[in-house]
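One-letter residues, chain by chain:
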Number of protein chains: 2
Amino acid sequence: ASRGYNQSGRCLTEMNLNLLPLLVPTAKMKKVNLFDYAWALQDAGALYTKQRISDTFSIPRKVAITELAPRENTVKVTWSDRHSSLYSYSWLGVHTHKKINRRPGGSPLRLRPFRFFKQGRDELPTVSYEEVMDGDFAVLEWLENIYQWGFCFVKGVPVDPHATEELLERISFIRNTHYGGFWDFTSDLTFKDTAYTSEFLGAHTDNTYFTDPARLQLFHLLSHTDGDGGTNLLVDGFQAASILNEENPGAAKALLSVKHPFHASGNDDVCIQPADHFPVFRNHGYLRELYQIRWNNYDRAPKRDWWVDEQQRWYDAARHFDQIIRRPEMEVWTQLQPGTALIFDNWRMLHGRSQFTGKRRMCGGYINNDDFISRYRLLKFGREAVLRHIGDTTRHFTNPSRFI
Amino acid sequence: ASRGYNQSGRCLTEMNLNLLPLLVPTAKMKKVNLFDYAWALQDAGALYTKQRISDTFSIPRKVAITELAPRENTVKVTWSDRHSSLYSYSWLGVHTHKKINRRPGGSPLRLRPFRFFKQGRDELPTVSYEEVMDGDFAVLEWLENIYQWGFCFVKGVPVDPHATEELLERISFIRNTHYGGFWDFTSDLTFKDTAYTSEFLGAHTDNTYFTDPARLQLFHLLSHTDGDGGTNLLVDGFQAASILNEENPGAAKALLSVKHPFHASGNDDVCIQPADHFPVFRNHGYLRELYQIRWNNYDRAPKRDWWVDEQQRWYDAARHFDQIIRRPEMEVWTQLQPGTALIFDNWRMLHGRSQFTGKRRMCGGYINNDDFISRYRLLKFGREAVLRHIGDTTRHFTNPSRFI
């Protein structure tokens with residue numbers, strides 16, 4: 001996995017005498033890497049808990065290398081304070097200092113690789129309940145579908161909330177919110193949120209009012225009696241953002257840069273707001289790619305700290321985006337069925353539903369980004385590679401930290 | 001509460017004919033405010049669920065005011081599409097568009113008002129379990145202490161995990177993590193994290209590896225037998241940041257701007273990392289104030305995407321900060337006792353403990369920022385004021401959204 005990686009560029013700055021750097025020839029003896037002693041040491045000794053247990057800041061700044069002993073797979077370094085360290089070439093290789101992904105200019109909106117699902121053209125991504133419960137290989141297939149397509153169905157799920165909860169827990173524990181954890185409800189107005197009525201719900205993302213919106217949401221329709229309707233709507237927000245960027249780059253920029261307040265105040269005892277204002281499109285720091293969409297006109301609060309021109313630009317952009325997500329070719333309509341659960345990426349996919357009559361019993365739950373991504377990367381790359389690439393900011397497909 | 005607010009400056013831009021704006025005289029008839037129709041309408045009709053139920057983007061851009069009828073406390077506006085809206089002057093007052101907190105220049109590090117606890121000078125902030133369980137007034141006193149001092153003790157807690165859990169739930173539900181929810185453990189190595197050993201733990205914040213670190217943490221020592229030690233350490237990160245900024249503004253700037261990877265990989269089945277890299281000091285968007293500290297040398301992963309000069313600057317800054325938080329006048333050492341619970345603000349306070357011998361049984365739990373802040377603002381200001389000020393970015397102490 002690190003072969004492709006090693007071909008990427010390395011940087012070499014001039015020697016800094018104050019740093020007293022360590023020059024380590026790589027395994028192939030072709031390139032020279034530069035290391036700061038404190039920096040190199042900071043991972044030493046972290047064998048058992050994978051946490052750093054040496055006290056980084058007690059290391060004297062002025063320390064020199066007294067001996068450098070290259071072996072076949074490792075190099076032993078002896079320092080002027082008599083401490084010695086052993087580094088493998090592969091560890092040194094991926095820890096070479098690089099500065100990338102910082103090219104200014106170009107479009108502000110960039111998408112990670114993903115697959116756009118077009119109804120009528122593509123087959124619905126689906127995995128089997130039995131296989132997912134049976135082994136991790138099917139879990140990886142499930143998560144891969146969610147990551148690539150933005151959603152996935154699970155067929156053959158027992159029509160039972162407990163079994164559905166166990167299915168979701170194959171990914172991770174279920175997130176608690178002020179609404180509760182795993183839920184199971186029949187449509188009524190117990191919670192004063194429009195999601196709990198039987199009306200039409202336009203395409204939106206959930207949890208825009210949280211500092212950290214849930215990454216995954218699962219729905220399982222347990223029963224629908226005395227009526228019909230309630231077809232599920234999914235719209236790929238990444239695809240819509242990409243179209244907006246093509247048709248109107250300035251609009252994409254407005255949705256990336258203007259930050260809004262959001263809130264959830266339906267229940268009398270809460271007024272949940274994110275810790276800060278957030279944009280509709282959120283760009284990732286080191287990858288410079290769109291990674292999170294907040295789109296819920298129901299929960300967005302009036303922004304006050306802007307001028308009329310900025311406001312007009314933003315509303316024009318929002319109107320354009322809204323128009324794109326309503327185009328028929330963007331919509332994926334599916335009828336939920338008892339026995340088939342739907343899970344989707346709430347940082348990317350907008351969801352909604354048509355109006356329905358009668359009585360519906362649904363269950364479902366949320367999973368956090370951090371837990372989903374941890375599980376996905378570990379299954380996809382294995383523990384050793386995931387650990388080795390922590391902090392790796394390259395966009396190469398062999399870098400687990402590139403999957404956000 | 002809105003009197004002080006009304007004295008702050010208002011902005012007035014020139015009429016934009018394309019917007020066909022609404023000019024509304026304020027109650028005092030002294031100032032003129034400018035409103036965008038779409039913007040003003042977006043909150044109309046949101047009476048029941050407090051969510052926006054009118055479809056903002058279906059509003060035609062070219063709409064004019066046909067009638068403006070000021071009354072004593074409200075103004076009735078009739079629009080060219082025959083829709084009419086009723087606005088109270090107080091609502092219009094706080095929704096006046098302003099652009100503030102964006103003065104460039106000056107120190108990059110600014111602190112919100114807070115109280116620094118100095119051991120030997122101040123009395124430990126303490127509330128009583130009985131009163132907190134009895135009514136919301138004592139809960140507000142509790143949260144006020146946490147917000148102002150960064151921590152608070154609760155005395156008279158039954159020496160029992162269940163009662164401790166109920167105490168914590170007076171604030172909000174308890175956060176689940178991959179370690180579980182409310183915990184109750186005796187020191188051993190069940191979880192492979194250094195927090196679970198009996199060694200000395202330097203001052204740090206928890207959850208640096210989460211996209212959204214827990215805001216509050218509660219500890220309750222249930223028993224300590226066959227040994228001693230394990231004194232609790234608290235260090236006020238805001239005070240330390242303020243000192244760093246005074247002694248070395250460039251260092252404060254380095255800790256604000258350089259972003260790092262973090263991880264929690266102690267257990268074989270997870271490798272939790274935040275969704276992005278984060279700085280040690282995090283500045284708030286609209287308030288331009290420090291609001292979150294991530295400081296855990298055990299969980300910080302080697303950063304790769306930087307040059308040697310940036311690296312050196314950051315390590316010098318980190319070394320300086322580390323030196324400040326070790327100064328005796330910064331440290332608050334307290335001996336935990338069965339019956340007295342400690343809760344602290346994990347976005348601000350660093351915590352640690354001295355080495356201990358014997359067997360300790362502790363219980364505790366985390367609470368999210370969003371739930372803590374919701375509870376605090378509602379108790380402090382009342383629901384009506386909290387809702388009225390959503391999106392208010394002023395730093396005035398009568399603005400609930402100013403309390404972050």
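Note that the coordinates shown come from a computational prediction; the quantities given were computed from them, not determined experimentally.

Caption draft 1: Looking closely at the overall build of chain A. For chain A, the helix and strand inventory stands at 11 helices and 19 strands. Across the 404 residues of chain A, 59% fall into the buried class. Counting contacts in chain A only where the partners sit at least 6 residues apart, residues at least 24 apart contribute 74% of the total. Just so you have it, chain A exposes about 16,100 Å², and 51% of that area is on carbon and sulfur atoms.

Caption draft 2: Quick look at the sheet that holds strand 18 (residues 349-353) of chain A. Residues and elements named next belong to chain A. One open sheet holds the 4 strands; their spatial order is 9-18-11-16, and the pairing between them is antiparallel. One side of each edge strand has no neighbouring strand; the edge strands of this open sheet are strand 9 (201-204) and strand 16 (331-334). Averaged over all neighbouring strand pairs, the angle between strand axes comes to 20°, with direction disregarded. Sheet topology places strand 11 (residues 232-236) next to strand 18; 5 bridges connect them, and they run antiparallel.

Caption draft 3: Inspection of the sheet that holds strand 9 (residues 201-204) of chain B at higher detail. Residue and element names in this part refer to chain B. Taking strand neighbours across the sheet as the criterion, the 4 strands line up as 9-18-11-16 in an open arrangement whose pairing is antiparallel. Every interior strand has two partners, whereas the edge strands, strand 9 and strand 16 (331-334), have only one. Taking each pair of neighbouring strands and ignoring which way they run, the sheet shows an average axis angle of 20°. The sheet contact formed by strand 11 (residues 232-236) and strand 16 spans 4 bridges and is antiparallel. Following the sheet pairing, L234 is matched in strand 16 by V332.

Caption draft 4: Inspection of the pairing of strand 17 (residues 340-345) of chain A at higher detail. All names here are of chain A. Within strand 17, 5 of the 6 residues are buried, which leaves it mostly tucked inside the rest of the structure. Across 5 bridges, the pairing between strand 7 (residues 151-155) and strand 17 is antiparallel. Its bridge partner lying in strand 17, F151 is registered against F344. Sheet analysis places strand 10 (residues 216-225) next to strand 17, joined by 4 bridges and oriented antiparallel. Considered in strand 17, the bridge of L216 is made with D345.

Caption draft 5: Focus on unusual backbone geometry. At D226(A), a residue that is not glycine, the phi angle is positive and equals roughly 60°. With respect to the secondary-structure elements, D226(A) resides in the loop between strand 10 and strand 11.

Caption draft 6: Representation of the pattern of salt bridges. All names here are of chain A. Summed over the entire model, instances satisfying the criterion amount to 33 salt bridges over all chains. Two residues, D122 and R121, come together in a salt bridge whose shortest N-O distance is 2.9 Å. E384 is the partner of R388 in a salt bridge, and the nearest nitrogen-oxygen pair spans 2.7 Å. Here R388 pairs with E384, and both are found in helix 11 (residues 383-388), just 4 residues apart, close to one helical turn. Among the charged side chains, a network of salt bridges with common partners joins R110, E289, R395 and R402.

Caption draft 7: Examining helix 10 (residues 369-381) of chain A more closely. All names here are of chain A. With 13 residues, helix 10 ought to run about 18 Å at 1.5 Å a step, and its terminal C-alpha atoms sit 18 Å apart, in line with that. Within helix 10, 10 of the 13 residues are buried, leaving the element largely enclosed by the surrounding structure. Turning to helix 10, the residues buried within the fold contact helix 5 (136-149), strand 10, strand 19 (359-367) and helix 11.

Caption draft 8: Up close: a negative patch on the surface. Residues and elements named next belong to chain A. Taken together, the side chains of E130, E131, D134 and E141 make up a negatively charged region of the molecular surface. No other element matches the 3 residues that helix 4 (residues 129-134) contributes to the negative patch. What makes E131 partly exposed here is its relative accessible area of 48%.

Caption draft 9: The arrangement of the confidence of the model for chain A in detail. All names here are of chain A. Put simply, chain A has an average pLDDT of 81, and 75% of its residues get 70 or more. pLDDT under 50 marks residues 1-53. Its contacts with residues more than four places away, or in other chains, come to 128 contacts. Among the prediction metrics, the complex's ipTM stands at 0.81, with pTM recorded as 0.81.

Caption draft 10: Examining the packing of aromatic side chains more closely. In total, this model carries 38 aromatic pairs over all chains according to the counting rule given. The interplanar angle of 85° and the centroid separation of 5.2 Å between the aromatic rings of F117(A) and F151(A) together place this pair among those described as edge-to-face. Of this pair, F117(A) sits in the loop between helix 3 (89-94) and strand 6 (126-128) while F151(A) sits in strand 7, and the two are 34 residues apart along the sequence. Ring centres of W306(B) and Y315(B) lie 6.0 Å apart, and the angle between their planes is 50°; this geometry places the pair in the tilted category. Judged on exposure class, the residue W306(B) and its partner Y315(B) are both buried. Counting every residue linked through ring pairs, the aromatic cluster contains Y147(A), F372(A), Y376(A), F381(A) and F403(A).

Caption draft 11: The arrangement of helix 5 (residues 136-149) of chain B in detail. Residues and elements named next belong to chain B. Here helix 5 spans 20 Å end to end across 14 residues, near enough to the 20 Å set by a 1.5 Å rise per residue. The buried fraction of helix 5 is high, at 10 of 14 residues. Here helix 5 has its buried residues at A138, V139, L140, W142, L143, N145, I146, Y147, Q148 and W149.

Caption draft 12: Layout of the side chain of H220(B). With respect to the element layout, H220(B) can be found in strand 10 (residues 216-225). Separated by 2.9 Å, the side chain of H220(B) and the backbone nitrogen of G339(B) make a polar contact.

Caption draft 13: Quick peek at the packing of helix 7 (residues 237-247) of chain B against helix 8 (residues 249-257) of chain B. All names here are of chain B. Contact geometry for helix 7 and helix 8: axes closest at 5 Å, N-to-C directions at 130°. The pairing of helix 7 with helix 8 is recorded here as oblique in orientation. Residues L244, N245, E246 and E247 of helix 7 pack against P249, A251, A252 and L255 of helix 8. Class assignment for the residues of the contact of helix 7 with helix 8 results in 5 nonpolar, 1 polar and 2 charged.

Caption draft 14: Quick peek at the nonpolar core. Residues and elements named next belong to chain A. Among the nonpolar cores identified, the biggest contains 36 residues, and W142, I146, V154, L167, I171, I343 and F372 are the most heavily contacted of them. The leading source of residues in this core is helix 5, at 7 residues. Beyond its immediate stretch of four places on either side in the chain, I171 contacts W142, L143, L216, I343, I367, F372 and R375.

Caption draft 15: Structural view of the environment of N145(A). All names here are of chain A. Within the element layout of this structure, N145 appears in helix 5. Taking the relative accessible area as the measure of exposure, N145 reaches 14% and is therefore buried. Note: C-alpha distance between N145 and R215 (70 residues apart in sequence) is 14 Å. Apart from residues lying up to four places away in sequence, N145 is in contact with P125, T126, V127, G150, F151 and C152.

Caption draft 16: Looking closely at the side chain of R375(A). Residues and elements named next belong to chain A. Of note, R375 is situated in helix 10. There is a polar contact of 2.8 Å between the side chain of R375 and the backbone oxygen of R170. Contact partners of R375, with chain neighbours within four places excluded, come to D136, V139, L143, R170 and I171.

What counts and how
- Residues numbered from 1 in each chain as written.
- Chains lettered and ligands numbered in written order.
- Predicted model: local features only at pLDDT ≥ 70, side-chain atom pairs only at ≥ 80, totals over all residues.
- Heavy atoms only, no water.
- Helix = DSSP H or I, 4+ residues; strand = E, 2+ residues; numbered from the N terminus.
- Buried < 20%, exposed > 50% of the residue type's maximum accessible area, 1.4 Å probe, protein only.
- Contact = heavy atoms within 4.5 Å.
- Areas by Shrake-Rupley, 256 points an atom, 1.4 Å probe, with all protein chains shown as cover.
- Pairing = 2+ DSSP bridges.
- Axes fitted to C-alpha atoms, helices over the stretch in contact; angles between N-to-C directions.
- Salt bridge = Lys/Arg side-chain N within 4 Å of Asp/Glu carboxyl O.
- Expected span 1.5 Å × (residues − 1).
- Patch = residues over 30% accessible without salt bridge, like charges linked within 9 Å, V, L, I, M, F, W, Y side chains within 5 Å.
- Lys, Arg positive; Asp, Glu negative; His and termini not counted.
- Charge placed at Lys NZ, Arg CZ, Asp CG, Glu CD.
- pLDDT = per-residue confidence, 0-100.
- Phe/Tyr/Trp six-rings, centres within 6.5 Å; stacked < 30°, edge-to-face > 60°.
- Polar contact = N/O pair within 3.5 Å; in protein donor to acceptor, adjacent residues only side chain to side chain.
- Parallel < 35°, antiparallel > 145°, perpendicular 65-115°, else oblique.
- Nonpolar A, V, L, I, M, F, W, Y, C, P; charged D, E, K, R; others polar.
- Core = buried A, V, L, I, M, F, W, Y, C linked by side-chain atoms within 4.5 Å.

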